[in-house]
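Commentary on secondary and tertiary structure
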Amino acid sequence: MQVNDRVKEIIKRLKEEYPNARIVLSYTNPLNLLVAVILSAQCTDKKVNEVTQELFKKYKDVYDYANMPLEELEKDIRSTGFYRNKAKNIKGAANMIIDEFGGEVPSTMEEITKLPGVARKTANVVLGNAFGVVEGIAVDTHVKRLAGRLGISRHKDPGKIERDLMDIVSKDGWFNLTYLLIEHGRAICDAKKPKCDACVLNDICPSSFKV
Ligand code: SF4
């Protein structure tokens, strides 16, 4: 089977398996989502949701993040790990949103990736979910692993993996693809112990029973 046909079949089967695949992070507006995605680096979505449940009550808008002493913000997000860097990025992003974007999270790839701590993965997640703007494919650790195992990309660099996926998958499938691969990565294609015997892709996956 050609790679294009294989990818179409992969997507079809994953859609049947995970008809409700979607973002797991809780948020009510673009700023909340931006903060949640920054916090999710090296942290589980479950932990982030626990932390943001309180955080979003205390920090209601971009000015709250900008005006809060850095140490207090660090304390409030500490349990998500790498909290110093995350707090610095959140405050830096809040300041830039106020100074350069009129207090609103920007809704284009070019603008949002100017914010500190916002690379393409974060940008794709925020743009797609908060604004319905799809300019690429969010490549997280699950997407990266599965793209390799499924023989869709040979690259290790997320930017190059994203490019490969964008070349093969039609644009109307970009947004959903991330969440299909994340669901499958979590449920079946585990990093250490993939359950190939229970996988709906095992007859078309080049890594089946080999990883
Ligand atoms: S067959 Fe195995 S390696 Fe391939 S996607 Fe399924 S679980 Fe992952």
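Residues numbered from 1 in each chain as written. Predicted model: local features only at pLDDT ≥ 70, side-chain atom pairs only at ≥ 80, totals over all residues. Heavy atoms only, no water.

1. A short note on the nonpolar core
The nonpolar side chains of soluble globular proteins are, as a tendency, buried together. For the record, the criterion: Joining through side-chain atoms within 4.5 Å is the link that ties buried Ala, Val, Leu, Ile, Met, Phe, Trp, Tyr and Cys residues into a set, and such a set is a nonpolar core. Buried, partly exposed and exposed residues are distinguished by accessible area as a fraction of the type maximum, computed with a 1.4 Å probe on protein chains only: under 20%, between the cut-offs, and over 50%, respectively. Numbered from the N terminus, helices here are DSSP runs of H or I no shorter than four residues, and strands are runs of E no shorter than two. Either an automatic procedure or a domain database provided the assignment from which the domain bounds are taken. Note on contacts: a residue pair qualifies if any of its non-hydrogen atoms lie within 4.5 Å across the two residues.
Ranked by size, the top nonpolar core spans 67 residues in total, and within it Tyr65 and Leu165 carry the most contacts. Of all the elements, helix α2 (residues 30-39) adds the most residues to this core, at eight residues. Each of domain 1 (3-22 + 137-198) and domain 2 (30-131) gives at least three residues to this core. Apart from the residues within four sequence positions on either side, Tyr65 is in contact with Leu31, Val35, Leu55, Phe56, Tyr59, Leu73, Ile90, Lys91 and Ala94.

2. Considering the pattern of salt bridges
The line we're drawing: Any carboxyl oxygen of Asp or Glu within 4 Å of a side-chain nitrogen of Lys or Arg constitutes a salt bridge here.
Using the criterion set out here, one finds 12 salt bridges in the structure. Residues Lys58 and Glu72 are paired through a salt bridge, measuring 2.7 Å at the closest nitrogen-oxygen approach. Highlighted residues: Lys58 in helix α3 (residues 45-58) and Glu72 in helix α5 (residues 70-77), separated in sequence by 14 residues. For Glu72, a relative accessible area of 28% translates into the label partly exposed. A salt bridge links Lys58 to Asp76, with the shortest nitrogen-to-oxygen separation between them at 2.8 Å. With Lys58 in helix α3 and Asp76 in helix α5, this pair connects stretches of sequence that are 18 residues apart. Residue classification places Asp76 among the partly exposed positions, given a relative accessible area of 21%. When salt bridges with common partners are traced through the structure, they connect Glu9, Lys12, Arg13, Glu16 and Asp203 into a single cluster.

3. So, the domain arrangement of the chain
Where interface size is given, it is often the accessible area lost as the parts come together that is meant. Under the convention used in this document: Buried area is a sum: the accessible area each of two parts loses on coming together, probed at 1.4 Å, counted once for each and added. Any pair of nitrogen or oxygen atoms within 3.5 Å is treated as a polar contact; in protein, a donor-acceptor pairing is required on top of that, and neighbouring residues in sequence qualify only through side-chain atoms on both sides. When residue character is reported, Ala, Val, Leu, Ile, Met, Phe, Trp, Tyr, Cys and Pro are called nonpolar, Asp, Glu, Lys and Arg charged, and the others, Gly included, polar.
Annotation of the chain at the domain level lists domain 1 (3-22 + 137-198) and domain 2 (30-131). Between domain 1 and domain 2, a total of about 580 Å² is buried, with carbon and sulfur atoms accounting for 48% of that surface. Summed over the three residues of domain 1 that lose the most area to domain 2, namely Ala138, Glu162 and Phe175, the buried surface amounts to 53% of that side. The closest approach of N and O atoms between Asp45 and Arg186, which form a salt bridge, is 2.9 Å. Scanning the region where domain 1 abuts domain 2 turns up five residue pairs in polar contact (both at pLDDT 80 or more). Considering only residue class, the side of domain 1 that touches domain 2 consists of six nonpolar, no polar and three charged.

4. Examining the site of the ligand
Definition in use: Proximity is defined per residue: any heavy atom of the residue falling within 4 Å of a molecule or strand makes that residue near it. The definitions used throughout rest on a 1 Å grid laid over the protein atoms alone, on which a cavity is an enclosed set of points accommodating a 1.4 Å probe that cannot get out and a pocket is an open set flanked by protein within 12 Å on both sides along at least five of seven lines; lining residues are those having an atom within 4 Å of a point. Cavities and pockets are treated as containing a molecule whenever more than half of the molecule's atoms lie within 2 Å of their grid points.
Every residue lining the ligand is accounted for by Arg149, Leu150, Ile188, Cys189, Pro194, Cys196, Cys199, Asn202, Cys205, Ser208 and Val211. Comparing atom positions with the cavity grids shows the ligand to sit within the largest cavity. Among the residues forming the shell around the ligand, the class breakdown is eight nonpolar, two polar and one charged.

5. Describing the packing of aromatic side chains
Inclusion rule: Classification of ring pairs uses Phe, Tyr and Trp, with its six-membered ring standing for Trp, and accepts pairs whose centres are within 6.5 Å; under 30 degrees between planes counts as stacked, over 60 as edge-to-face, and the remaining range as tilted.
With the rule as written, the count across this model stands at two aromatic pairs. Ring geometry for Tyr59 and Tyr65: centres 4.7 Å apart, planes at 15 degrees, overall stacked. In this structure Tyr59 comes out as buried when scored by relative accessible area, which is 0%. Looking at Tyr65, the relative accessible area reads 0%, which means it is buried.

6. Let's talk about helix α9 (residues 141-149)
Within α9 the residues assigned to the buried category are His142, Val143, Arg145, Leu146, Ala147 and Arg149. In this fold, the buried residues of α9 make contact with α10 (158-168) and α11 (174-187). Of the residues trailing α9, Gly151 is marked for its positive phi of about 70 degrees.

7. Overview of the layout of surface pockets
Short version of the rule: Grid points are joined across faces, edges and corners, and a volume is the space filled by probe spheres set on the points.
Considering only enclosed or pocket space, the largest pocket measures out at about 890 Å³ in volume. In terms of lining, the largest pocket is formed by 36 residues, of which the most central are Ser40, Ala41, Gln42, Lys121 and Asp140. Elements supplying a minimum of two residues to the lining of the largest pocket: α2, α6 (83-100), α8 (120-131), α9, α10 and α11. Residue classes in the lining of the largest pocket are distributed as 17 nonpolar, 11 polar and eight charged. There are two domains that each give the lining of the largest pocket at least three residues, and those are domain 1 (3-22 + 137-198) and domain 2 (30-131).

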